[in-house]
Amino acid sequence: MTSATATPLTTPDPASLEALVAFIERHPRLAVLSGAGISTASGIPDYRDAAGEWKRSPPMQHRQFMGSHAARQRYWARALVGFRTLGEARPNAAHRALARLEAQGVVNGVITQNVDGLHQRAGSRRVIDLHGRADRVRCMGCGARRMRHALHAELEALNPRWARQEAGAAPDGDADLEADFSAFRVPACTRCGDGIWKPDVVFFGDSVPSGVVTRAFALLEASDALLVVGSSLMVYSGFRFARAAARDGKPIACLNLGRTRADDLFALKVAAPLEASLDALAERLAPGLSRRPA
């Protein structure tokens, strides 16, 4: 497990830092859109490479999960092993820097494509979890919710052999594990009797709840500009906000190592390490008074 506090912060390119500072000085109330790249320094793997291509097989599809008991067996068996990485992850310097920038009145709020909850744990207060939260589960029959660790405890009791498995970590609490999952026992919801427990996240092929999308657009509307951090924007659920900002004449800056789907929309793109860049940015802006009224 990579420790966020032990991750060395390489010095960002001075010209890149100056460009980001100048962008914020011109547009002091930022909406931030974050992706998987901001959490890799916390030990959570991402899906795509610098070219925006898949590093591994695409993740679980909503229709597949809901329509196949075997798919759910495979998902929950792997999650019992892989979720340890997500559960043990800690915010890194990039998460903490965005929280500081929010406290300084620079960041108006964060729209995150991540499901790890690390922005909140770093101290960010206005966070919109576009794809939900992986630490909760929901019954797809009756809508009951519970904390994921409680379901995992039940899964471990039903499948003690699997609790001792070891495998490499994969994105979003998955594990690089292949085996015969046919004997893995998956409990149904006890409230309604036969409901399917699903992580309270948006799987591929599912839709982001309309209320969440509305809140995200409201944040963008109330901001001067958009800052994209650690996202290739290959998924439409995030790309739509860059497209909307461009349509409405709101400047977009991007801090990301690699190609994105919105490269032609950016007023500024900085290819630099996220932790060092955001940490230095927060330091540069720290002496100023808050830009937001008390």
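Everything here concerns the structure above.
Calculation notes
- The numbering scheme is per chain: residues are counted from 1 as the chain's sequence reads.
- Only residues with pLDDT of 70 or above have their local features reported here, since the model is predicted, and side-chain atom pairs are shown and tallied only from 80 upward, although totals for entire chains, interfaces and linings are computed over all residues.
- The basis for every side-chain value is the complete set of heavy atoms in the structure, and neither hydrogens nor water enter the calculation.
- Working definition: rings of Phe, Tyr and Trp (its six-membered ring) pair if their centres are within 6.5 Å, and the pair is stacked with planes under 30 degrees apart, edge-to-face with planes over 60 apart, and tilted otherwise.
- We count a stretch as a helix when DSSP gives it H or I for four or more residues in a row; a strand needs E for two or more, and each element gets its number in order from the N terminus.
- Accessible area is worked out with a 1.4 Å probe on protein chains only. A residue is then buried under 20% of its type maximum, exposed over 50%, and partly exposed in between.
- Here, a charge over a ring means that NZ of Lys or CZ of Arg falls within 6 Å of the ring centre while also lying within 35 degrees of the ring normal.
- Here the nonpolar core consists of buried residues drawn from Ala, Val, Leu, Ile, Met, Phe, Trp, Tyr and Cys, with membership extended through side-chain atoms lying within 4.5 Å.
- Whether two residues touch is decided by their heavy atoms; if any such pair falls within 4.5 Å, the residues are in contact.
- Between any two strands, at least two bridges found by DSSP are needed for them to pair.
- Between N-to-C directions, angles span 0 to 180 degrees; the directions come from axes that are lines fitted to C-alpha atoms, helices contributing only their stretch in contact.
- Here a polar contact is recorded for every N or O atom pair within 3.5 Å, except that within protein the pair must consist of a potential hydrogen donor and a potential acceptor, and residues adjacent in sequence are included only if both atoms are side-chain atoms.
- By convention in these notes, a salt bridge is any Lys or Arg side-chain nitrogen within 4 Å of a carboxyl oxygen on Asp or Glu.

Glancing now at the packing of aromatic side chains. In this description, an aromatic ring pair is defined by two values, namely the gap between the centres and the angle between the planes. Applying the stated rule across the entire model yields seven aromatic pairs. Seen in terms of ring centroids, phenylalanine 65 and tyrosine 75 are 5.5 Å apart; in terms of plane orientation they differ by 90°. Their pairing is edge-to-face. With a gap of ten residues between them, phenylalanine 65 in helix 2 (residues 62-67) and tyrosine 75 in helix 3 (residues 69-88) connect regions that are remote in the sequence. Residue class for phenylalanine 65 comes out buried when judged on its relative accessible area of 0%. A residue is classified by how much of its surface remains accessible, and tyrosine 75, at 11% relative accessible area, is buried. Where tyrosine 75 meets tryptophan 76, the ring centres are 5.1 Å apart and the plane angle is 90°; that geometry is what we call edge-to-face. Like tyrosine 75, the residue tryptophan 76 is buried in the burial classification. Three or more aromatic residues joined by ring pairs make a cluster, and in this case those are Phe65, Tyr75, Trp76 and Phe203. Here the basic side chain of arginine 161 rests over the ring of tryptophan 162, its NZ or CZ set 4.7 Å away from the ring centre. Residue placement shows lysine 198 over the ring face of phenylalanine 203; its charged tip is 4.5 Å from the ring centre.

The biggest cluster of nonpolar side chains holds 30 residues, and the ones touching the most others in it are Tyr75, Trp76, Trp162, Phe184 and Trp197. Grouped together as the second largest cluster of nonpolar side chains are 29 residues, Leu17, Val21, Leu30 and Leu285 included.

What follows is about the side chain of histidine 27. Its place among the elements puts histidine 27 in the loop between helix 1 (14-26) and strand 1 (30-34). Judged by its relative accessible area of 15%, histidine 27 is buried. Apart from residues no more than four positions distant in its own chain, histidine 27 is found in contact with Asp224, Ala225 and Pro251.

Spatially, 3-2-1-9-10-11 is the arrangement adopted by the six strands of the open sheet, whose pairing is parallel. The outermost strands of the open sheet, each flanked by one partner alone, are strand 3 (127-129) and strand 11 (268-270). Taken pair by pair, the neighbouring strands of this sheet meet at an average axis angle of 15°, ignoring direction. For strand 1 and strand 2 (residues 107-112), the ladder comprises five bridges, and the chain directions are parallel. When the bridges of strand 2 are listed, alanine 31 appears paired with glycine 109.

Attention now goes to the environment of asparagine 114. If you trace the backbone, asparagine 114 turns up in the loop between strand 2 and helix 5 (118-122). Sequence separation between asparagine 114 and serine 34 is 80 residues; the distance between their C-alpha atoms is 7.4 Å. Residues within four places of asparagine 114 in sequence aside, it is in contact with Ser34, Gly35, Ala36, Ile38, Ser39, Asp129 and Gly132. Reaching out from asparagine 114, the side chain makes a polar contact with the backbone oxygen of glycine 35 at a distance of 2.9 Å. Among the polar contacts made by the side chain of asparagine 114, one reaches the main-chain amide nitrogen of alanine 36 at a distance of 3.1 Å.

Reading across the sheet, the three strands line up as 5-4-8 and stay open at both edges, with antiparallel pairing between neighbours. Where the open sheet ends on each side, the last strands, each with one partner, are strand 5 (145-147) and strand 8 (197-201). Each strand of the sheet is rotated relative to its neighbour by a mean of 40°, with strand direction disregarded. Contacts from helix 6 (residues 148-158) reach strand 4 (132-139), strand 5 and strand 8, with the element oriented near 80° to strand 5.

Per the counting criterion, the structure on display carries 13 salt bridges. Salt-bridge contacts for aspartate 200 lead to arginine 136; the nearest nitrogen and oxygen are separated by 3.9 Å. One end of the pair, aspartate 200, is in strand 8; the other, arginine 136, is in strand 4, with 64 residues separating them in the sequence. In this structure aspartate 200 comes out as buried when scored by relative accessible area, which is 12%. Overlapping salt bridges, with partners in common, bring together Arg136, Arg138, Arg145 and Asp200 in one network.

Keep in mind that these numbers describe shape and distance, not what the molecule does.
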